[in-house]
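Descriptive analysis of the structure
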Amino acid sequence: MRVGIELGKTSSGEPLQMDLEELLSTRLLVQGNSGSGKSHLLRRILEQSAGLVQQAIIDPEGDFGAFAERYGHVVVDAARSAGDLQRIAQRIRKHRASVVLDLEGLDAQDQMLCAASFLNGLFDADRDCWFPMLIAVDEAQLFAPAVGGETSDEARKASLGAMTNLMCRGRKRGLAGIIATQRLAKLAKNVAAEASNFLMGRTFLDIDMARAADLLGMERRQAEAFRDLVSGQFVALGPALSRRPVEVRIAGVETKSRSGRPSLMPLPEADAEDLNDLIFDAGEDIPPMPQPVRKAHAPDVVQRLVTQQPHLLLVDSSEPDTRSETEKQSEVDAIFAEILADPDAAFRPVPLIYQEFVYHCRMRRLEDYGNDMAAFRRRLALARAGLDSGIEDPDWLRVLEASESLPEEMQGVYLLIARAASQGADCPEDGTLARVYGSHSPSRGRWLLTFMAERGYIVCDTDFRGYRTVRIAGVGWRTAPSHPKGALPVRPQRPVRASRLAK
Ligand SMILES: Nc1ncnc2c1ncn2[C@@H]1O[C@H](COP(=O)(O)OP(=O)(O)OP(=O)(O)O)[C@@H](O)[C@H]1O
Ligand SMILES: [Mg+2]
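Source: prediction; values computed, not measured.

1. Details of the overall build of the protein chain
Scanning the protein chain from N- to C-terminus turns up 21 helices and 13 strands. Taken over 503 residues, the protein chain has a buried fraction of 45%. At a minimum sequence separation of 6, the contacts of the protein chain that also span at least 24 residues come to 69%. When the accessible area of the protein chain is evaluated, it comes to approximately 27,100 Å², of which 51% is carbon and sulfur surface.

The following block contains the structure:
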């Protein structure tokens, strides 16, 4: 009994049947330029034969999700090892399950390796599992390229080997390849040559037309007709289709591919300014603020040592203190300013600066202000970054909170960058970052940025000129692009000859 599926109507209006049993032993090659309707045609064949024969579909674009759901195919995702895929493929043969191998999201090389493992698994199945099966491979030139491309030799060899096995030696094992390609010239010759059925769609390039004519045993002149085909129209030839070349218009399909034909649609009516904002505004792609880590660091010990040293109690405190709170605060500010005015302040360890601060506070009977080490550290970090200690802006408060989970000596650096970013100013150069950290070496500045970027506090991007932009996680701030080594010397302009200026 012949089991046929209808592909569509010929130019004389007759239905064109494809003989499924014949197809199983003679395979099919579809070729046509982009948009000629190859994927639609493969889908038509697969839909019509879904209930009649076991199928495996290699799906590089993730286009067969709806199809799998409709016809009950198992979707095999590619997040698996080569061994896993081979085992799965063998079980598929054993249980005669129809499947879609979804390769979407993998790069070309991984798609090749993945398809190769899967096809080899189907091919290597035990002899008692050699049931007939259609294997559909769209974009076959990806898996059996005529020449090496950018993928590794290993991937190309594996994938080409598996496709050659499928098309040349698969018949005995019940495997029938139905493959489609945009460009015959890009498909490995031995893979194309093993198909005895052809459906040729619209083709423009001479080299592809010549290859098609060779395969079909046509005069090159006759093959010129492939140029005049429209989308969805194919010339069919082969034992499962027709003994003479016949034109067929492929009928409709029931499931949808995700990639439709591009059609014109009205452009949005936003003005240039709005579009600028939409495109360049940092907006939604702000990286999240890192989770604050509460550190149990040693300041308490330092604080105790510094504040409880009796020799620091230099002043007799029996006299009544008549200064107002504001006066005391401004005295504390003055002490702070004096300490930081020392150019070496940045390079001295915090406990030493703190000790000096406590000493001066006690000298002026301001010990209450000198006892809070945490407040001191925060104020020092703010001051080193050139920020006012009375900040109330909610974004700044979040940044300050985040800064506290960084190692202490990095907090000033982070705040310095945040300040530049909040103003859209240049990112401080490596040397400056290193100095705020307490180091003379610019390479330390680069290391600091990497450290903070790896932990999600900032995101660094470097453009093609080597200019760096830093974004602050959690808020939409970014620095202006600037060179890590600071302003580069301006290239001397070539003098313009007076004769040219006159023109
Ligand atoms: N016979 C047909 N009837 C109706 N629509 C069709 C037919 N053939 C193709 N189309 C439509 O034309 C468009 C392009 O078809 P298809 O995606 O199958 O082209 P293709 O040859 O696979 O292109 P590519 O090589 O770029 O993948 C699709 O939107 C498809 O739905
Ligand atoms: Mg396609």
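Structure's up, so let's keep going.
2. Quick notes on the nonpolar core
The nonpolar side chains of soluble globular proteins are, as a tendency, buried together. Phe 118, Leu 122, Met 163 and Phe 226 are the most contacted members of the largest nonpolar core, which has 49 residues in total. Broken down by element, the residue count for this core peaks at seven residues, all from helix 5 (residues 108-123). Those residues in contact with Phe 118 that lie beyond four places of it in its chain are Ala 56, Ile 58, Leu 85, Ala 89, Ile 92, Val 99 and Leu 101. One finds Leu 382, Leu 387, Leu 400 and Leu 416 within the second-largest nonpolar core, a separate group that totals 33 residues.

3. Describing helix 2 (residues 38-49)
Given a rise of 1.5 Å per residue, 12 residues ought to cover 16 Å, and the 17 Å separating the end C-alpha atoms of helix 2 matches this to within 8%. When you tally the buried positions in helix 2, you get nine out of 12 residues, the bulk of the element. Taken as a whole, helix 2 has its buried residues at Lys 38, Leu 41, Leu 42, Arg 43, Arg 44, Ile 45, Leu 46, Glu 47 and Ser 49.

4. Focus on the pattern of salt bridges
Per the stated rule, a full pass over the model turns up 16 salt bridges. Salt-bridge contacts for Glu 331 lead to Arg 323; the nearest nitrogen and oxygen are separated by 3.1 Å. Among the residues examined, Glu 331 registers a relative accessible area of 23% and is labelled partly exposed. One salt bridge in this structure joins Arg 468 and Asp 430, with 2.8 Å as the shortest N-O distance. With Arg 468 in strand 13 (residues 468-472) and Asp 430 in helix 19 (residues 430-437), this residue pair connects regions lying 38 residues apart in the sequence. Overlapping salt bridges, with partners in common, bring together Asp 206, Glu 224 and Arg 227 in one network.

5. Some remarks on the site of ligand 1
Within the structure, ligand 1 sits among 15 residues, and Ser 34, Gly 35, Lys 38, Ser 39 and His 40 are positioned closest to it. Gly 35 places a polar main-chain atom, nitrogen or oxygen, 2.8 Å from an oxygen atom of ligand 1. In the environment of ligand 1, an oxygen atom lies 2.6 Å from a nitrogen or oxygen atom belonging to the side chain of Lys 38. Computed on the free molecule, ligand 1 has an accessible area of 620 Å², of which 74% lies beneath the protein chains in the complex. Broken down by element, the shell around ligand 1 gets its largest block of residues, three residues, from helix 2. Tallied by class, the residues present in the shell around ligand 1 amount to one nonpolar, 11 polar and three charged.

6. Overview of the side chain of Asp 19
Within the fold, Asp 19 resides in strand 2 (residues 15-19). Ignoring anything within four residues of it in the chain, the contact list for Asp 19 reads Arg 2, Val 3, Gly 4 and Ala 240.

7. Quick notes on the packing of helix 5 against helix 7 (residues 153-169)
Two numbers describe how helix 5 lies on helix 7: the axes approach to 8 Å, and their chain directions differ by 35°. Our pair here, helix 5 against helix 7, has a crossing hand that is left-handed. Side by side, helix 5 and helix 7 meet where Gln 109, Met 112, Leu 113, Ala 116, Leu 119, Asn 120 and Phe 123 of the first sit next to Glu 154, Ala 155, Arg 156, Ala 158, Ser 159, Ala 162, Met 163, Asn 165 and Arg 169 of the second. Residue classes in the contact of helix 5 with helix 7 are distributed as nine nonpolar, four polar and three charged.

8. Describing the packing of aromatic side chains
Taken as a whole and judged by the stated rule, the model has 10 aromatic pairs. Between the aromatic rings of Phe 67 and Tyr 71, the centroid separation amounts to 4.9 Å while the plane-to-plane angle is 40°, which identifies the pairing as tilted. With Phe 67 and Tyr 71 both in helix 3 (residues 65-71) and four residues apart, this pair spans about one turn of that helix. Taking relative accessible area as the criterion, Tyr 71 reaches 25% and is therefore assigned partly exposed. Where Tyr 354 meets Phe 376, the ring centres are 5.0 Å apart and the plane angle is 50°; that geometry is what we call tilted. Here the residue Tyr 354 occupies a position in helix 14 (residues 350-363), and Phe 376 occupies one in helix 16 (residues 373-384), the gap between them amounting to 22 residues. Members of the aromatic cluster, connected to one another through ring pairs, are Phe 336, Tyr 354, Phe 357 and Phe 376.

9. Remarks on the side chain of Thr 10
One can find Thr 10 in strand 1 (residues 4-10). Filtering out sequence-adjacent residues up to four positions away, Thr 10 remains in contact with Leu 16, Val 246, Glu 247 and Val 248.

10. Details of the sheet that holds strand 5 (residues 74-77)
Here we have 11 strands laid out as an open sheet, ordered 2-1-11-10-9-3-8-7-4-6-5, and mixed in their pairing. Edge positions in the sheet fall to strand 2 and strand 5, since each of these pairs with one other strand and no more. The mean angle between the axes of side-by-side strands here comes to 25°, regardless of whether they run parallel or antiparallel. As defined by bridge partners, strand 3 (residues 28-31) adjoins strand 8 (residues 175-181) across four bridges and the pair is classed as parallel. Bridging from a neighbouring strand, Leu 29 pairs with Ile 179 of strand 8. Packing against the sheet, helix 5 makes contact with strand 4 (54-59), strand 6 (99-102), strand 7 (133-137) and strand 8, and its axis sits at approximately 165° to strand 4. In this fold helix 7 packs onto strand 3, strand 7 and strand 8, with an angle of close to 120° to the strand it touches most, strand 8.

11. Quick notes on a positive patch on the surface
Where like charges cluster on the molecular surface, the positive patch consists of Arg 127, Arg 169, Arg 171 and Lys 172. Relative to the helices and strands, Arg 171 resides in the loop between helix 7 and strand 8. For Arg 171, a relative accessible area of 47% translates into the label partly exposed.

12. Some points on a nonpolar patch on the surface
On the surface, Leu 275, Leu 278, Ile 279 and Phe 280 cluster together into a nonpolar patch covering about 470 Å² of accessible area. Mapped onto the fold, Leu 278 is located in helix 11 (residues 272-280).

13. Concerning the confidence of the model for the protein chain
Mean pLDDT over the protein chain: 85, with 89% of residues reaching 70 or higher. Within the protein chain, the lowest mean pLDDT, 48, falls on helix 21 (residues 498-502), and the highest, 97, falls on strand 7.

The rules behind these values
Residue numbers here run from 1 along each chain, matching the order of that chain's written sequence. Chain letters start at A and ligand numbers start at 1, both assigned in the order the entries are written. Predicted model: local features are reported for residues with pLDDT of at least 70 only, side-chain atom pairs are reported and counted for 80 or more only, and whole-chain, interface and lining totals are derived from all residues. Neither water nor hydrogens contribute to the side-chain values; these are computed over all heavy atoms in the structure. Strands are runs of DSSP state E lasting at least two residues, helices are runs of H or I lasting at least four, and both sets are numbered from the N terminus onward. Remark: exposure states derive from per-residue accessible area (1.4 Å probe, protein chains only) relative to the maximum for the residue type, with buried under 20%, exposed over 50%, and partly exposed in between. Two residues form a contact once any of their heavy atoms are found within 4.5 Å. Residue burial considers only the protein chains on display, and all accessible areas are found by Shrake-Rupley using a 1.4 Å probe. Only buried residues count toward a nonpolar core. Its members are Ala, Val, Leu, Ile, Met, Phe, Trp, Tyr and Cys residues joined through side-chain atoms within 4.5 Å. Multiplying 1.5 Å by the helix residue count minus one yields the expected span of that helix. Salt bridges are identified by distance alone: a Lys or Arg side-chain nitrogen within 4 Å of an Asp or Glu carboxyl oxygen. We call a residue near a molecule or strand as soon as one heavy atom of that residue lies within 4 Å of the molecule or strand. Pairs of N or O atoms within 3.5 Å make up the polar contacts considered here, provided that, within protein, one atom can donate a hydrogen while the other can accept it, and that residues adjacent in sequence are counted only when both atoms are side-chain atoms. Put simply, Ala, Val, Leu, Ile, Met, Phe, Trp, Tyr, Cys and Pro go in the nonpolar bin, Asp, Glu, Lys and Arg in the charged bin, and everything else, Gly too, in the polar bin. Axis definition: a line fit to C-alpha positions, over the contact stretch in the case of helices; interaxial angles, taken between N-to-C directions, run 0 to 180 degrees. Each crossing is labelled by how the near helix is turned from the far one, with a counterclockwise turn of less than a right angle marking it left-handed and a clockwise turn marking it right-handed. A pair of aromatic rings is counted whenever rings of Phe, Tyr or Trp (Trp by its six-membered ring) have centres within 6.5 Å, and the orientation is called stacked for planes under 30 degrees apart, edge-to-face for over 60 and tilted otherwise. The rule for pairing is simple: two strands pair if DSSP sees at least two bridges between them. Patches in this entry comprise residues that are over 30% relatively accessible and not in a salt bridge; like charges within 9 Å are linked, as are nonpolar side chains (Val, Leu, Ile, Met, Phe, Trp, Tyr) within 5 Å. Residues scored as charged are limited to Lys and Arg (positive) and Asp and Glu (negative), so that His and the chain ends carry no count. Charge coordinates come from a single atom per side chain, which is NZ of Lys, CZ of Arg, CG of Asp or CD of Glu. For every residue, the predictor assigns a confidence score, pLDDT, that lies between 0 and 100.

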